[in-house]
Amino acid sequence: MTAKIQAEYGAESIQVLEGLEAVRKRPGMYIGDTTTRGLHHLAYEVVDNSIDEAIGGYCTKIYVTIHPDESISVEDNGRGIPTEPHPSNGRPTSEVVLTVLHAGGKFDNRAYKVSGGLHGVGLSVVNALSEWLVLTVWRDGIEKVQRFEYGLPVTDISEGTLSDKRGTKVHYLADKTIFDEVRHSMDTIKARLRELAFLNPGVSITIEDTRVNEKKEYCFDGGIRAFVQYLDKGKTSLINEPIIVTGEKDNISVEVGFQYNDSYQERLYAFANLIHTLEGGTHVTGLRSAMTRAINESARIQKILKEKDENLSGDDLKEGLTCVLSVKLANPQFEGQTKTKLGNSEVKGAVDSVLYEGLMTWFDDHPEPMRPIVEKAIRARQAREAAKRARELVRKGVMTGMSLPGKLADCSNRSPENTELYIVEGDSAGGSAKQGRDRNFQAVLPLRGKILNVEKARLDKMLGSNEIRIIIQALGCGIGDDFDLKKLRYHKIIIMTDADVDGSHISTLLLTFFYRHMPELISNGHLYLAQPPLYLVQKGKSKAYCYNEKQLREQVGESEGAKISIQRYKGLGEMNPSQLWETTMDPANRFLKRIDVEDDIAADEYFTILMGDKVEPRREFISSHAHEVRNLDV
Ligand code: 28F
């Protein structure tokens, strides 16, 4: 292949090939990894080019389409990539953009791209990792098309046909030999595009999933303010409107918006150059420092904190905080395990000073929010201290040998990678599970009745609940400030409940607990729902378990004429231990549903509405999402 390309494209293309080969050989260097995460990264790379065009003020609309063959197309109404011959080799500029690996195109070292800056950094990487890619450019009244395969041009760019459109479209199919999986998640892509729409006010971003006929347009004029309000939808706000501070220092642009609500969680969404910095970094450190100082000082000026009162700490101020932080800078350094931690040390001071000054002025002009913020923080501190004492007790319990709860039937294998914990609804199903399991690697923890709804309780109250303490002790990984994933005693935590309304309520309560208090369990793929069969179909001597209505129809349809009996399972208790093993616990036959959160914001909303205390939104949500709620599709 190398020889052929050299013959066709001459000497310059040797360099092209080397670039592409490098990308194909070590894709992780350019897109992080080759899991679903990397796959979605390809789409984001393409969208980024349209966003750059929008930031420059040349593009107002972006359309993203997931096609039935899992190919992706992205189209914008920008200026269109130039197609005139490139000075370096006389090939169309667009072809160079798509085939030459740009310097600085490395995953962890992407420069800040603004209007016309470093366009095209990512397109050649996407091209190299695609089975095929078709580029369409509308520019100067002409539409031109060029096709690539595995990163190399297989046609010249077309002569062009007349068209009054303007813009660029990239349509590609990710290379199956590179990616572990090429199935896209609408929810994941939707969440990212929604984020981009909030961070780029006025730009309309449409996503269409033609696999299922779903279409969504995001366009927010309100920017960060709208983002914060969106995040707080369904929550009871403690202050009238989001507090917004924007400014610039040392060429670093800083935008912050925040609000306090009556929940117990903190939600902080931090971005650097539009990249979601999940692992935080220097901008977040600057934010905490400025917020803590400005709120303490303003509270003292307003005499809400008296001289004798202790200062509020950064931790006190987290509870109920919803905050969006967006910084833009010239040479972002991304560090950390997933390269989502901002490392530039100069950013801390810039954020700190812009936010501190902005907040001091804000609270001077708007004194009202200060009292509810301080009162909330003081309650949070008291609760934190109570939780610390309660946690101590739980931990002491663990250390003094009464460590494992009596109800837990542990397994004999001691290596967490190989073991599973079934959390089972009810003592009777728990009993069947204990008898039916493989006691070498499967532990069983029966729970009696409903656990506490943690959405409405703080950590201290939660730790007062027996069932919750038992779960924490069985898992072994601690909770709150003590949480340590390395101590998790089982790498699969499997929730097994009846397939009825009560059962689904109990699994939702458990999911709420894990999502709010041990989110690392979910993000590391340790949490599962067992899927017990819904029916047993018997035809003469043959038996078939059906896990959904479709399987039932298939079974019944195939049995023309023959005599069949259908048994519907309502509860786990209707199965004897060996049936429970066969259908729901045996790794060779069972179905497990892994819980993963593709859209963090949607999941938060789900738990807020479903488990929170506002009745009307819950009623509405359940009637409009009846299907998903029943299936616990979080
Ligand atoms: C679907 C993905 O890639 N949109 C893009 C442009 C516009 C220009 C451009 C892109 C110029 C010098 C390379 C047009 N006119 N959507 C996109 N829209 N790239 S990518 O320029 C590329 C650079 O080297 C553009 C004038 N200047 C820039």
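Calculation rules
Residues numbered from 1 in each chain as written. Predicted model: local features only at pLDDT ≥ 70, side-chain atom pairs only at ≥ 80, totals over all residues. Heavy atoms only, no water. Axes fitted to C-alpha atoms, helices over the stretch in contact; angles between N-to-C directions. Helix = DSSP H or I, 4+ residues; strand = E, 2+ residues; numbered from the N terminus. Parallel < 35°, antiparallel > 145°, perpendicular 65-115°, else oblique. Left-handed = near helix turned anticlockwise from the far one by under 90°. Contact = heavy atoms within 4.5 Å. Nonpolar A, V, L, I, M, F, W, Y, C, P; charged D, E, K, R; others polar. Phe/Tyr/Trp six-rings, centres within 6.5 Å; stacked < 30°, edge-to-face > 60°. Lys NZ or Arg CZ within 6 Å of the ring centre and 35° of its normal. Salt bridge = Lys/Arg side-chain N within 4 Å of Asp/Glu carboxyl O. Buried < 20%, exposed > 50% of the residue type's maximum accessible area, 1.4 Å probe, protein only. Near = heavy atom within 4 Å. Polar contact = N/O pair within 3.5 Å; in protein donor to acceptor, adjacent residues only side chain to side chain. Areas by Shrake-Rupley, 256 points an atom, 1.4 Å probe, with all protein chains shown as cover. Pairing = 2+ DSSP bridges. Arc of directions from axis to C-beta.

A. Focus on the packing of helix α15 (residues 501-517) against helix α19 (residues 600-611). Viewed as axis vectors pointing N to C, α15 and α19 meet at an angle of 130 degrees, and their least axial separation amounts to 11 Å. When the axes of α15 and α19 are compared, the pair comes out oblique. Crossing angle aside, the handedness with which α15 passes α19 is left-handed. Between α15 and α19, the residues in contact are His505, Thr508, Leu509, Leu511, Thr512, Tyr515 and Arg516 and Asp600, Ala603, Asp604, Tyr606, Phe607, Thr608, Leu610 and Met611, respectively. Among the residues making up the contact of α15 with α19, the classes are represented as eight nonpolar, four polar and three charged.

B. Spotlight on the packing of helix α9 (residues 282-301) against helix α10 (residues 346-365). Relative orientation of the contacting elements α9 and α10 amounts to 25 degrees, with a least axis distance of 8 Å. Classified by the interaxial angle, the pair formed by α9 and α10 is roughly parallel. In the packing of α9 onto α10, the handedness of the crossing is right-handed. In the contact of α9 with α10, the residues fall into 13 nonpolar, six polar and four charged.

C. Here's a closer look at the packing of aromatic side chains. Counting across every chain of the model gives eleven aromatic pairs. Feature note: the residues Phe198, Tyr218, Phe220, Phe227, Tyr230, Tyr269 and Phe271 constitute an aromatic cluster, connected by ring pairs. Above the ring of tyrosine 58, the side-chain terminus of arginine 79 is found at 3.6 Å from the ring centroid. One Lys or Arg, lysine 165, reaches over the ring of tryptophan 138 and ends 4.0 Å from the middle of that ring.

D. Seen up close, the pattern of salt bridges. One pass over the full model with this rule turns up 39 salt bridges. For arginine 192, the salt bridge is made with glutamate 195, and the minimal N-O distance between the two is 2.8 Å. Taken together, the positions of arginine 192 and glutamate 195, both in helix α7 (residues 186-199) and three residues apart, correspond to about one turn of that helix. Overall, the relative accessible area of 11% leaves arginine 192 in the buried class. In this structure, aspartate 604 engages lysine 235 in a salt bridge whose closest nitrogen and oxygen atoms are separated by 2.6 Å.

E. Inspection of the site of the ligand at higher detail. The environment of the ligand is formed by 16 residues, the closest being Asn49, Ser50, Val74, Asp76 and Arg139. At a separation of 3.2 Å, a nitrogen atom of the ligand approaches a polar side-chain atom of arginine 79. Contact between the ligand and arginine 139: a nitrogen atom at 3.0 Å from a side-chain N or O atom of the residue. Protein chains bury 82% of the 600 Å² of accessible surface belonging to the ligand in isolation. Broken down by secondary-structure element, the contributors of at least two residues to the shell around the ligand are α4 (36-55), β2 (72-76) and β7 (167-174).

F. Summary view of the sheet that holds strand β17 (residues 420-425). Ordered by their spatial adjacency, five strands build an open sheet running β18-β17-β19-β20-β24, and the pairing between neighbours is mixed. Edge positions in the sheet fall to β18 (442-447) and β24 (592-594), since each has one partner strand and no second. Strand-to-strand twist across the sheet, computed as the mean angle between neighbouring axes with direction ignored, equals 25 degrees. Where β17 meets strand β19 (residues 492-496), five bridges bridge the pair, whose relative direction is parallel. Each residue of the ladder has a partner; that of isoleucine 423, found in β19, is isoleucine 495.

G. View of the sheet that holds strand β11 (residues 252-260). A sheet is described by the order of its strands in space; here five strands give the open sequence β10-β11-β14-β12-β13, paired in mixed fashion. Each end of this open sheet is capped by a strand with a single partner; those strands are β10 (243-249) and β13 (275-276). Bridge count between strand β12 (residues 267-272) and β13: two bridges; the pairing is antiparallel. Across the sheet, alanine 272 pairs through a bridge with isoleucine 275, a residue of β13.

H. Structural detail: helix α18 (residues 577-585). Restricting attention to buried positions, one finds in α18 the residues Gln579, Leu580, Thr583, Thr584 and Met585. Across the axial projection of α18, the buried residues extend over an arc of 155 degrees, all falling on one side.

I. Structural detail: unusual backbone geometry. With a phi angle near 70 degrees, glutamate 70 is a residue other than glycine that sits in the positive phi range. Residue position: glutamate 70 is located in the loop between β1 (61-66) and β2. A positive phi angle is found at leucine 274, which is not glycine, with a value near 70 degrees. With respect to the helices and strands, leucine 274 occurs in the loop between β12 and β13.

J. Region of the structure containing the pairing of strand β4 (residues 142-149). Pairing analysis gives eight bridges linking strand β3 (residues 130-139) to β4, with the strands arranged antiparallel. Following the sheet pairing, arginine 139 is matched in β4 by isoleucine 142. Joining the antiparallel neighbours β3 and β4 is a turn of two residues, in which aspartate 140 adopts a positive phi near 50 degrees. Where β4 lies against strand β6 (residues 161-162), two bridges are found, and the strand directions are antiparallel.

K. Looking closely at the environment of serine 94. Mapped onto the elements of the fold, serine 94 is located in helix α5 (residues 93-99). Judged by relative accessible area, serine 94 falls into the buried class, the value being 0%. With 42 residues separating them along the chain, serine 94 and threonine 136 place their C-alpha atoms 9.8 Å apart. In contact with serine 94, other than residues within four places in its own chain, are Ile81, Pro82, Thr83, Leu135 and Ile157.

L. Representation of the side chain of aspartate 498 in the model. Among the secondary structure elements, aspartate 498 is positioned in the loop between β19 and α15. Relative accessible area serves as the criterion here: at 18%, aspartate 498 is assigned to the buried category. A polar side-chain atom of aspartate 498 sits 2.7 Å from the main-chain amide nitrogen of leucine 572. Other than its neighbours up to four places away in sequence, aspartate 498 contacts Glu425, Gly503, Ser504, Lys570, Gly571, Leu572 and Gly573.

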